[in-house]
Structure formats: C-alpha cells, structure tokens
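Notes for the structure review
Here is how the chains run, residue by residue.
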Amino acid sequence: MLDIKFIRENLELVKRNIELKNEKADLSNFSNLEETRRKIIQEVEQLKNERNQVTREIANLKKDGKDATSLIDNMKNVSDKIKELDDELRNIESEIYSITTKLPNMLSEKVPAGKSEEENVIIRYWGDKKSQPFKANHIEISKKLGIIDFERGAKVSGSGFSFYIGKGASLERALIQFMIDYHTQKHNYTEIWSPFMVNSASMFGTGQLPKMADDMYYSNADDMYLIPTAEVPLTNFHRDDTLKIEDLPKKICGYSPCFRRESGSYGKEVHGFLRVHQFNKVEMVNFSTPENSYNQLDILVSEAEDILKALEIPYRVVLLCSADTSFSSAITYDLEIWSAGEEKWLEVSSCSNFLDFQARRANIKFKRTPNSKPEFVHTLNGSGVATSRLYAAILENYLQNDGSVLIPNALKSYCGFDSINL
RNA sequence: GGAGAGGUGGCCGAGUGGCUUAAGGCAACGGUUUGCUAAACCGUCGUAGGGGUAACACUCUACCGGGGGUUCGAAUCCCCCCUUCUCCGCCA
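Read on for an overview of the structure.

Cut-offs applied
- Residues numbered from 1 in each chain as written.
- Chains lettered and ligands numbered in written order.
- Predicted model: local features only at pLDDT ≥ 70, side-chain atom pairs only at ≥ 80, totals over all residues.
- Heavy atoms only, no water.
- Helix = DSSP H or I, 4+ residues; strand = E, 2+ residues; numbered from the N terminus.
- Contact = heavy atoms within 4.5 Å.
- Areas by Shrake-Rupley, 256 points an atom, 1.4 Å probe, with all protein chains shown as cover.
- Core = buried A, V, L, I, M, F, W, Y, C linked by side-chain atoms within 4.5 Å.
- Buried < 20%, exposed > 50% of the residue type's maximum accessible area, 1.4 Å probe, protein only.
- Pairing = 2+ DSSP bridges.
- Near = heavy atom within 4 Å.
- Polar contact = N/O pair within 3.5 Å; in protein donor to acceptor, adjacent residues only side chain to side chain.
- Patch = residues over 30% accessible without salt bridge, like charges linked within 9 Å, V, L, I, M, F, W, Y side chains within 5 Å.
- Salt bridge = Lys/Arg side-chain N within 4 Å of Asp/Glu carboxyl O.
- Lys, Arg positive; Asp, Glu negative; His and termini not counted.
- Charge placed at Lys NZ, Arg CZ, Asp CG, Glu CD.

The number of helices and strands found in chain A is 13 helices and 18 strands. Dimensions of chain A, computed from C-alpha atoms along their principal axes, come out at roughly 100 × 45 × 40 Å. Within chain A, residue pairs in contact and separated by at least 24 positions form 74% of the contacts whose partners lie at least 6 positions apart. With an accessible surface of roughly 20,600 Å², chain A has 46% of that area assigned to carbon and sulfur atoms.

The next point concerns the nonpolar core. One finds Ile337, Leu390 and Leu411 to be the most contacted residues of the largest nonpolar core, which totals 62 residues. Considering every element that reaches this core, the biggest residue donor is helix H7 (residues 167–186), with eight residues. Leu390 has contacts with Leu175, Met179, Leu308, Leu311, Ile313, Ile337, Val348 and Val385, leaving out every residue within four places of it along the chain. In this structure, Val14, Val54, Val78 and Phe327 belong to the second largest nonpolar core, which totals 27 residues.

Right, let's get into the sheet that holds strand S14 (residues 365–367). What holds strands together in a sheet is hydrogen bonding between their backbones, with the strands either parallel or antiparallel. If you walk across this open sheet you meet the three strands as S8-S14-S15, and the pairing is mixed. The two strands at the open ends of the sheet, each matched to only one other strand, are strand S8 (242–244) and strand S15 (375–376).

This paragraph deals with the protein's contact with RNA strand B. Taken together, 26 residues lie around RNA strand B, and Arg37, Asn49, Lys76, Ser79 and Asn371 are the ones closest in. Backbone sugar and phosphate groups make up 81% of those atoms of RNA strand B lying within 4 Å of the protein. One nitrogen or oxygen atom from the side chain of Arg38 is found 3.4 Å from a phosphate oxygen belonging to RNA strand B. If you tally residues by element for the surface near RNA strand B, the top one is helix H3 (residues 30–63), at 13 residues.

A few words on a negative patch on the surface. Residues Glu117, Glu118, Glu119, Asp324 and Glu347 make up a contiguous surface patch of negative charge. Relative to the assigned elements, Glu347 resides in strand S13 (residues 344–353).

Considering the arrangement of structural elements, one finds Thr101 in the loop between helix H4 (69–100) and strand S1 (121–126). Overall, the relative accessible area of 3% leaves Thr101 in the buried class. What Thr101 contacts, discounting residues up to four positions off in sequence, is Met1, Phe204, Pro210, Phe327 and Arg361.

Before going further, it helps to examine the pattern of salt bridges. A pair can form between side chains of opposite charge whenever their charged atoms are brought close. For the coordinates displayed, the defined rule picks out 20 salt bridges. Residue Asp73 is joined to Lys76 by a salt bridge in which the shortest nitrogen-to-oxygen separation is 4.0 Å. Placement of both Asp73 and Lys76 in helix H4 is noted, with a separation of three residues, approximately one turn of the helix. Using a relative accessible area of 46% as the deciding quantity, one classes Asp73 as partly exposed.

In this section: a nonpolar patch on the surface. Together, Val156, Phe163 and Ile165 give the surface a local cluster of nonpolar side chains, amounting to about 250 Å² of exposed area. Turning to its location among the elements, Phe163 is positioned in strand S3 (residues 163–164). Here Phe163 falls in the partly exposed class, since its relative accessible area comes to 36%.

Below, the structure is given as structure tokens:
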C-alpha cells in the first residue's frame, strides 16, 4: 500500500508507475473522492465536537436535577446528521480503499523501463553450461529412472501434480533439508515452520489480495487460502508488531509447499516440472531498516546464489524490467539456472525489496529509540530456492553416459546415496 | 460439533449508561539529589486521521478484540463475527 498523502501529492508519478508496471488501475476519481472525504471529515468532526460539549451539559443538568429536554431534542437532529455524514464518509472511504489497495508499489529508480521479459537486464553469469552425454530433458530422465510419476499425479489430483518415488523422493527431501541448513548455519537465518493455509488478512498484508485472488486455491467453507509461497506466513508472522531496532535486520527462513492455480497460464512451459500447481520452496524473509534495505537485497541475492554455487549449477542473475516486476515489489532480481535438457534458463529464485509497501499493509513497524515514533520497516524476500526446477536441472546437468544421475557432492550426505541408477 | 468463562494502553489491572477527558501500578525515557550504582522525588510517556505551521507548537475527531445497532450520550446495553482458556464429543 502506498501512503495516501504520497498519492495525493504525486498523482502523476503514481500514474506513470502504473503504466511502467503494465498494471491497470483507475485514478481518475481519486482526487475528487479524496477532496470530498476531507470535506466531510471536517463537517462531521465539528458536529461531533458540538455533540460532545452538549452531552456534557446534559449530564451536568441531570446531575443537578434540572430539565434537559430541549437540549436533548436538539441533539437528536445533530445525531441524525452525524449518522448521515458518517454513512457517506464510510462509502467514500471504501471507494478510496478499493482504489488504493489495487495500486502497485512504486518502482525503484534502478529498474529499467521495459514491456516484457525481453527487456530484463542480465547482471552476471556463474558457472559453465554443461553438455549432456546424450540429449535428454528431466521428464525423459526421471521416467527412465522411475523416480517421478506425472501420470499418476494427474490421475490422483490433476495435471500439474506429481509423485516422487524412491530415491526421487529422497532427493527432493534432501534438497529442502540442505537449503534450510545452509541458510541457518551459514547465513544466520532463524528457521520457521509455518502454517500452509492463511486467512485473507495475511494475503492482503503481503499483497496477494485483492489482485491475485483467482490465482490461489481457496477454501470457501473456512475462508482460507493455500499459500502460494512461504513469504505470506513468514512476513505476516510480524503483522501488527513493532520490532526493536537492535533486532534488525531480522532474517527468517522456512520451507513450504507452494500452491498456485496459475489460471490462464496453460500453453507456456507447462510440461514436466516447469510450471506446476504444487512445488516446494525454501523462502528467506528479511525485515530491515529503510536505510539498509537495498544493501540487504544484495546480500539476499548472494545468499540464494550460494545454494546454486554449492550445488554447482550454472546460473545467471537477471534484473527484472518494469513490466516484469511484480505488484508489490520495488525491484526484483531473478536467479535463472541452466537447463541442459531444455537448453534454456529457468527461474528458481526471485529476490525482491518491497520497501514499506508490505509493512504498511501488514502494519509492521520498528522504533529507533524507546520513545521515538514508530516507522514502517522495509520487507524483503527471496526464494532460496524453489526445488522443482532445480530438481529438473540437477537431473539434466548431472546425467551420466549410462543414463544414471550423479548426486551433487553437497547433497550426498543428505541423500545417503551417490547416484540414482537405472 | 456442543457447553461455559474471558479479550481494556508496551505489560499488569480497575471500571454495569454521564464524577472516565480510561483510575492505579509496573516498565521505559528525561531531570533533581547522590563519591559510583541503587533508592527516592519531579516530569514525560499510545495509534490513526483532520485542521494548522516553513517546521515545531497548538487544536479537533476516532480508537477498550473486529463490525453493526440502541441512546442526547456506550469500555459499560443488544446483535453478528474473530480469538484465547476449560470441559465434553469426534479424530491422525
């Protein structure tokens, strides 16, 4: 959420930002509504002031046993008028609310203007692309090894769901464990195991609601959502909290399955693991002071990179252009790993600085000293990293001549085996 | 799912329609005193939104879990919801 005063004073900037992000938001009514709102506030608050004073007089008269009927009759009219204006105000505020809650975060100046992912900027590469002994993508490899069953996933749940079997399941579990250990032991994160269903207040806090409602699984009977990322429970962990400045930056990480309806996405990268309805991910979340958040973002990106380096998977870091930067984010770096089978780059991590956008929605503050005014923190998060595409890349990059797959060195102790054989 | 008891400022806690402009205490912060620490004493001490200001100051309104309602007036009365605890039922 943007500060309403900021919107009022920078309307043109906000409009330009909407265009840059390729979002749709109608601000044509905003100034009028906002002006009306303040006019009504002034009017109704003056009446309330009058009511408070006369109410005190009535109390005094009654205490002295005197008659107050004429004052009371008068106040009936004032009260009716207040009720009327309060209703009007409520309507206008809800109109303003429905506009402002749909306004995307302001982009950082560092974000290049651009209309599609073509205009993202590649920041750096790491590692050499491996060539396969024979050409095979992760679907072919995993079928041959019998470690993934996409068809049974479709039978039991639907397309976009799959079973992991035997060493295939172990590898997935090992990956999660490895990543959590890495972040807690080497990057000083506190591990959190969170709920995987959350209420709508939480979805609003991180910015999924109201815009992304159709992309999430929702249980109507419970008014709860399956989380699309652990960002939601982890960031909302501190909803309505005031943090101590000595605890900042506060770094928490956690595993969660991620559920995404991906409505309307069929036709693009849907086969195998590239786009699924349920996948696993370790998420890093950072609560920072405003002056530190960009610095923390650089650290966050490097922490996600460390995972890929440890697993020796070639990757590149990409700065997203304006239209590719999500609703809540001010700036986002993606990590893309090389898929030797698909021969393309696959996104496995998205690291963003949200500035105070989520903090304002979720009401997360900090105080500089015990007596100073609370300020909104800056929130950041990044995948560290998502497993399914990483899993695919491991199969494709570690494929051997005989069709077996070597386990990356860093994972061997977690798996308890060195390779997956035919 | 059923029954009952709760939810008041950072924390504890009083408050059953007007003497509340939320008592009192603790913690925190500033100061006085003091060889130092402590204690004592004095003061400050919520959030949001209007108005106002160059910025302060100042001022008004709202907020006692959330939302409605009754009333001239609601922390207090009524309705709905959320949540915590206790007990019962069901359950991996």
